[in-house]
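# What the coordinates show
Here is what each chain is made of, one letter per residue.
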Amino acid sequence: MKRMLLRKLIRMAGMAGLQFVTTCSVYGLQGSVTAWGGGQTAFPSGLTDIVAISTSVDHSLALHANGTISAWGCDDDGECDVPSALTNVASIAAGDFFSVALLTNGTVVAWGTDDRGQCEIPTGLSNVVAISAGHAHCFATKADGTIIAWGSDAFGQTEIPVVVSNLVRVVAAGDYSLALTSAGTVVAWGLDDSGQTNVPPELSGVQSISGARGYALALGTGGTVNMWGTGPTLPPGLINLVSIAAGQYHALALTGSGSVLAWGTNQSSETVVPEGLSNVVSIAAGWDYSLALSSALSIAPVSLTITNFGLSSNDFSVIFLSQKGVSYTLQSTGSISPPDWTSVESATGTGSILTLTDAAANAARQFYRLSVR
């Protein structure tokens, strides 16, 4: 039977004794991008088969299913000049006036402005599984859980507090930084001119984080949202959300039904969500514009929570909102080039939360994907 990938790959490496918990979106290979607001809404030609999007103050990036990147928007500092031979890209991050890409071999590439060392990848950086780019600094998370930072440290934004441990995601946001721990708590450091690093002490159960200049957002249990700092006022009744995106003066949220909510400043119609926009699986908020990635599949977006991957628990689990009657299969491979996909576990969706587990997960670099048929 014909299979369609909901996500090109979910990459993760084993970590001895470390519990790794993160949240990401899962989406179709044949994704299409919608933009609204001011700024970077004119797409380049050939923007098809998109699996991921990222945006910043002046430019946007899109990752194609074949591992190549499209870029558009302001190119004054070369931030849209994607290296001609760049392929096998697994993840993208748009910083302010520069761009970063994570390759499937675990190395990192950057281009654009380099006035503060943001494009100077640390020598020997490898085994990377996640990246983030801010105003002028970057983070890379390695397979062993180590966090590597480079770029501007004018406000201490690259100096991870020594008391912080069990980090599962680090976000470079403006001139400050956010980190999500495996316990569901958030830590922030760096510039604090608007209270953006004053994390509410009672905040817990956090599943995802996003930050922009001056404020931060956290997605909690039940799909609720918390904000701190000086940012757009949260509208009432935000529940059952699966993803959040903080823009400069506005914010976006993705619902479990694949629709988008927007709030904040609307000077360029960046919060006027296009009528009929549906099947959205990923969102990104820029300076005064918004992006949404929609799946060609008529399947509700899936929020994946990756848990307990490491030798201590010896498993890799994905927990997601399933669609009733759809058959899902978790597959793994030790190498993406060439891939040798092995079916790990299959189940039929019930319209509720479903868990698929690789009980034989090991410490070697692994690649995962979720398929439907």
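Rules of the game
Residues numbered from 1 in each chain as written. Predicted model: local features only at pLDDT ≥ 70, side-chain atom pairs only at ≥ 80, totals over all residues. Heavy atoms only, no water. Pairing = 2+ DSSP bridges. Helix = DSSP H or I, 4+ residues; strand = E, 2+ residues; numbered from the N terminus. Axes fitted to C-alpha atoms, helices over the stretch in contact; angles between N-to-C directions. Salt bridge = Lys/Arg side-chain N within 4 Å of Asp/Glu carboxyl O. Buried < 20%, exposed > 50% of the residue type's maximum accessible area, 1.4 Å probe, protein only. Contact = heavy atoms within 4.5 Å. Patch = residues over 30% accessible without salt bridge, like charges linked within 9 Å, V, L, I, M, F, W, Y side chains within 5 Å. Areas by Shrake-Rupley, 256 points an atom, 1.4 Å probe, with all protein chains shown as cover. Lys, Arg positive; Asp, Glu negative; His and termini not counted. Charge placed at Lys NZ, Arg CZ, Asp CG, Glu CD. pLDDT = per-residue confidence, 0-100. Polar contact = N/O pair within 3.5 Å; in protein donor to acceptor, adjacent residues only side chain to side chain.

### Considerations on the sheet that holds strand E13 (residues 147-151)
Reading across from one edge, E11-E12-E13 is the order of the 3 strands in this open sheet, with antiparallel pairing throughout. Every other strand in the sheet has two partners, leaving strand E11 (128-133) and E13 as the edge strands with one partner each. Going across the sheet, the axis of each strand differs from the next one's by a mean of 20°, ignoring polarity. One ladder, built from 5 bridges, connects strand E12 (residues 137-142) with E13; its direction is antiparallel. Within the sheet, the bridge partner assigned to Cys138 lies in E13 and is Trp150.

### Overview of the pattern of salt bridges
Within this structure, the stated rule accounts for 1 salt bridge. Asp96 serves as the salt-bridge partner of Arg213, at 2.7 Å between the closest nitrogen and oxygen. On the criterion of sequence distance, the pair formed by Arg213 in the loop between strand E17 (208-212) and strand E18 (215-219) and Asp96 in the loop between strand E8 (89-95) and strand E9 (98-103) is long-range, its members being 117 residues apart. Since its relative accessible area comes to 28%, Arg213 is described here as partly exposed. Overall, the relative accessible area of 7% leaves Asp96 in the buried class.

### Digging into the pairing of strand E23 (residues 280-285)
Consecutive side chains along a regular strand alternate between the two faces of the sheet. Of all 6 residues making up E23, 6 are buried, and the element is well covered by its neighbours. As consecutive antiparallel partners, E23 and strand E24 (residues 289-294) are separated by 3 residues.

### Comments concerning the environment of Pro83
Along the chain, the position of Pro83 falls in the loop between strand E7 (69-73) and E8. It is 9.1 Å that separates the C-alpha atoms of Pro83 and Val109, two residues lying 26 residues apart in sequence. When sequence neighbours within four positions are dropped, the list of residues in contact with Pro83 reads Val109 and Trp111.

### Comments concerning the environment of Ala212
Turning to its location among the elements, Ala212 is positioned in strand E17. The class for Ala212 is buried, based on a relative accessible area of 8%. Here the alpha-carbon distance between Ala212 and Ala173, two residues 39 residues apart in the chain, equals 5.3 Å. Ignoring sequence-local partners within four residues, the contact set of Ala212 consists of Ala173, Tyr176, Ala246, Gly247 and Gln248.

### Concerning a negative patch on the surface
Together, Asp75, Asp76, Asp77, Asp81, Asp114, Asp115 and Glu120 line one region of the surface with negative charge. Take Asp114: its relative accessible area is 32%, and that puts it in the partly exposed class.

### Quick word on the pairing of strand E5 (residues 50-55)
Among the 6 residues that make up E5, 6 are buried, leaving the element largely enclosed by the rest of the structure. As paired elements, E5 and strand E6 (residues 59-64) share 5 bridges and run antiparallel to each other. By the bridge assignment, Ser54 is partnered in E6 with Leu61. Hairpin geometry of E5 and E6 is characterised by an intervening segment of 3 residues between the two adjacent antiparallel strands.

### Quick word on unusual backbone geometry
Although it is not a glycine, Phe97 adopts a positive phi angle of roughly 75°. Take Phe97: it is sitting in the loop between E8 and E9. Note on Phe97: relative accessible area 30%, which makes it partly exposed. Phi is positive for Asn240, close to 55°, though the residue is something other than glycine. Assignment of secondary structure puts Asn240 in the loop between strand E19 (225-229) and strand E20 (241-246).

### Focus on the confidence of the model for the protein chain
In the predicted model, the protein chain carries a mean pLDDT of 81, and 80% of its residues have values of at least 70. The secondary-structure element of the protein chain with the lowest mean pLDDT is strand E3 (residues 22-26), recorded at 28, while strand E10 (residues 108-112) shows the highest, at 98. Low confidence marks residues 1-30, where pLDDT is under 50. Its contacts with residues over four positions away, or in another chain, come to 144 contacts. A low-confidence stretch, residues 297-314 stays under pLDDT 50, and its non-local contacts, those more than four residues away or across chains, total 90 contacts.

### Observations regarding the side chain of Thr255
For Thr255, the position within the fold is in strand E21 (residues 250-255). A distance of 2.7 Å separates a polar atom in the side chain of Thr255 from a polar atom in the side chain of Ser259.

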